[in-house]
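Each chain is listed here by its residues.
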Amino acid sequence: MTAPAPEQTVSPADIARARVAVGDVARQTPVLPSQTLSDVTGAAVVLKAENLQRTGSFKIRGALAKLAALGERCARGVTAGSAGNHAWACAQAARSRGVRCEVFMPVEAPLSKVEGCRALGAHVHMGGASVDECVAHARAHAEEAGMAFVHPFDDPDVIAGQGTLGLELLDDVPDLAKIVVPVGGGGLSSGVAIAVKSARPDVEVVGVQVDSVAAFPESLRRGEPVGMESSLTIADGIAVKRPGDLTLRLVRQWLDDVVVVPEDDVAEAIVLCMEKAKLVVEGAGAVGVAALLGGQTPAAATGTTCVILSGGNVDAGLLATVARRHETEAGRRLVFFTRVPDRPGSLARLLSLVGETGANLIHVEHLREGIDLHVRETAVQITLETRGREHADEVLRCVRDAGYVPDLVGG
């Protein structure tokens, strides 16, 4: 009778070897104090700025570790399926090791990540509605072409590579008490937890998922991977429908908790990172900040809490959308619709009134069709920049006092 194959795992020794394997390419990213998060939580909070890593995310660590483990087995090239960051990392790792790379990415993958792969010489296949479909395509192509397949998370060598980030935290944060880490497939969170808790069992490690794609809580409850429907999310880098068999077991064994944050809170966390920390962080990378701000997990009462900013690859268009939304929520961007008499000078009088309040006109649009208007009326939608919520309320009050009926748009 054939003995069952030994259960895969990842040891501290594996992570130590991976650190040597990735050290010539991966950067030791900085740990930066966050005064804002420290003030909000009443505790010491720092940010591990992995968004400043090569290719813009932690994924380069796992990709390099896997190529080192493969050795000559990747001589014909490597394939990968990914929402973007893992593909980009594999492209960089393959280029640095002189091997061919083909990646499979979802049709909704951010353009910045697609172009990043192509710029490194990788052949990009676009298709599939989810990361899981792209992983399946990449695995099948590897078998057909005799290439090596690099899984984005459910692989012991990849997990060991991601764990090198945890070794850096042990070096750089002497009083480390807690780590808050994004969770997609679970490779980063489990690798970091193994690296840190093997040396410091007292350090708490909490994973964070976004509510639109949060497969881990139910999977942990049932004790087996549970799949979810695909969902559009601002945190595309952790939009994994189903945990891996290995990562689920490791997350259960090594993490203290996995919490879930709302999509809107992630958008606010992106803006906070830009405004306060001066860091560009993608949605997947900002979920830990969202969890501290929203109270899904508290900062450690003593010692230092580290939030891992796992990536910074976000399209400029999405950043602009998130920033505009934040400005509206904060009252610094005011959009309203109102009706004015369809007579010469009516619009000029309204805009003059708005100008007297000190608001800055961004955009004005005439609306004459598709809405219920009197034959002698026209409508306008006005976008203003204000100094804050009190100033926005003052602008609206002045408009109403002048006889107009402003209806807020998007606020």
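Trainee: Any details on the state of the cysteines? Residues and values, ideally.
Mentor: Applying the stated criterion across every chain, the model contains zero disulfides. Free cysteine: Cys117, not disulfide-bonded; nearest cysteine sulfur from Cys101 at 7.2 Å. Among the residues examined, Cys117 registers a relative accessible area of 0% and is labelled buried. Unpaired in terms of disulfides, Cys306 finds its nearest cysteine sulfur in Cys273, a separation of 12 Å.

Trainee: Could you give me a rundown of the pairing of strand β11 (residues 333-341), with the residues and numbers involved?
Mentor: Regular strands place their side chains on alternate faces of the sheet. In this sheet, strand β13 (residues 377-385) lies alongside β11 in antiparallel orientation, the contact comprising nine bridges. Across the sheet, Phe337 pairs through a bridge with Gln381, a residue of β13. Two elements, β11 and strand β14 (residues 407-408), share two bridges in a ladder whose sense is antiparallel. Residue pairing across strands places Phe336 opposite Leu408, the latter belonging to β14.

Trainee: So what's going on with the packing of helix α11 (residues 263-275) against helix α13 (residues 316-329)? Which residues, and what values?
Mentor: Between α11 and α13, the least distance of the axes is 9 Å, while the angle of their chain directions is 95°. On the basis of their axis angle, the class for α11 and α13 is roughly perpendicular. Residues Asp264, Ala267, Glu268, Ile270, Val271, Met274 and Glu275 of α11 form the contact with α13, whose own contacting residues are Leu319, Val322, Ala323, Arg325, His326 and Glu327. Residue composition of the contact of α11 with α13, grouped by class: seven nonpolar, one polar and five charged.

Trainee: Lay out the side chain of Glu50 in plain terms, naming residues and giving numbers.
Mentor: Among the secondary structure elements, Glu50 is positioned in the loop between β2 (44-49) and α3 (59-70). Here the side chain of Glu50 touches Thr29 through a polar contact of 2.6 Å, side chain to side chain. Polar contacts involving the side chain of Glu50 include one to the side chain of Arg61, which spans 2.6 Å. Those residues in contact with Glu50 that lie beyond four places of it in its chain are Thr29, Gly56, Ser57, Phe58, Arg61, Leu165, Leu309 and Ser310.

Trainee: Give a description of the sheet that holds strand β1 (residues 31-33) that names residues and reports values.
Mentor: Two strands in a sheet stick together by hydrogen bonds in their backbones, pointing the same way (parallel) or opposite ways (antiparallel). Overall, mixed pairing links the six strands, which are arranged β1-β2-β10-β7-β8-β9 in an open sheet. Every other strand in the sheet has two partners, leaving β1 and β9 (257-261) as the edge strands with one partner each. Averaged over all adjacent pairs, the angle separating strand axes in this sheet is 30°, with direction ignored.

Trainee: How would you summarise the sheet that holds strand β12 (residues 360-367) if you had to cite specific residues and measurements?
Mentor: With respect to topology, four strands assemble into an open sheet ordered β12-β13-β11-β14, the strand pairing being antiparallel. Two strands lie at the open edges of the sheet, namely β12 and β14, each paired on one side alone. Across the sheet, helix α15 (residues 389-401) lies against β11, β13 and β14, angled at about 5° from β11, the strand it touches most.

Trainee: An account of the pattern of salt bridges is requested, with residue identities and associated values reported.
Mentor: Two side chains carrying opposite charge are able to pair once their charged atoms lie near each other. Counted under the stated rule, the structure contains 22 salt bridges. Its salt-bridge partner being Asp245, residue Arg242 comes within 3.6 Å of it at the nearest N-O pair. The salt bridge partner of Glu377 is Arg339, with a shortest N-O separation of 3.8 Å. Of this pair, Glu377 sits in strand β13 while Arg339 is found in strand β11, placing the two residues 38 residues apart along the sequence. A residue is classified by how much of its surface remains accessible, and Arg339, at 32% relative accessible area, is partly exposed. Residues participating in the shared-partner salt-bridge network are Lys48, Glu50, Arg61 and Glu168.

Trainee: I'd like a rundown of the side chain of His141, residues and numbers included.
Mentor: Here His141 shows up in helix α6 (residues 131-145). You can call His141 buried: its relative accessible area is 18%. Those residues in contact with His141 that lie beyond four places of it in its chain are Thr79, Glu102, Phe104 and Met147.

Trainee: Give a detailed account of the packing of α3 against helix α4 (residues 85-97), specifying residues and quantitative values.
Mentor: Following both chains from N to C, one finds α3 and α4 inclined at 45°, their axes separated by 8 Å at the closest point. When the interaxial angle is binned, α3 and α4 end up oblique. For the pair α3 and α4, the crossing hand works out as right-handed. Contacts between α3 and α4 pair Lys59, Ile60, Ala63, Leu64 and Leu67 from the former with Asn85, His86, Ala89, Cys90, Gln92, Ala93, Ala94, Ser96 and Arg97 from the latter. A per-class count over the contact of α3 with α4 returns eight nonpolar, four polar and two charged.

Trainee: Describe the environment of Ala119, with residues and values.
Mentor: Tracing the backbone through its elements, the reader meets Ala119 in helix α5 (residues 111-119). Residue Ala119 is classed as exposed on the basis of its relative accessible area, which comes to 60%. With 27 residues separating them in the primary sequence, Ala119 and Gln92 have C-alpha atoms 9.6 Å apart.

Trainee: Give a description of the pairing of strand β5 (residues 123-126) that names residues and reports values.
Mentor: Note that strand β4 (residues 101-105) and β5 share four bridges and pair parallel. In the strand pairing of β5, Phe104 is matched with His125. Following the chain from β4 across α5 to the adjacent parallel β5, one finds a crossover that is right-handed.

Trainee: Before we move on, can you summarise the environment of Leu361 with the specific residues and values?
Mentor: Its location among the elements puts Leu361 in strand β12. Spatially, the C-alpha atoms of Leu361 and Ser82 are 42 Å apart, while their sequence positions differ by 279 residues. Those residues in contact with Leu361 that sit more than four places away from it in its chain are Leu351, Ile382, Thr383 and Leu384.

Conventions adopted
Residues numbered from 1 in each chain as written. Predicted model: local features only at pLDDT ≥ 70, side-chain atom pairs only at ≥ 80, totals over all residues. Heavy atoms only, no water. Disulfide = S-S within 2.5 Å. Buried < 20%, exposed > 50% of the residue type's maximum accessible area, 1.4 Å probe, protein only. Pairing = 2+ DSSP bridges. Helix = DSSP H or I, 4+ residues; strand = E, 2+ residues; numbered from the N terminus. Axes fitted to C-alpha atoms, helices over the stretch in contact; angles between N-to-C directions. Parallel < 35°, antiparallel > 145°, perpendicular 65-115°, else oblique. Contact = heavy atoms within 4.5 Å. Nonpolar A, V, L, I, M, F, W, Y, C, P; charged D, E, K, R; others polar. Polar contact = N/O pair within 3.5 Å; in protein donor to acceptor, adjacent residues only side chain to side chain. Salt bridge = Lys/Arg side-chain N within 4 Å of Asp/Glu carboxyl O. Left-handed = near helix turned anticlockwise from the far one by under 90°. Right-handed = clockwise from strand over helix to strand, strands pointing away.

Nothing here speaks to function; it is geometry throughout.
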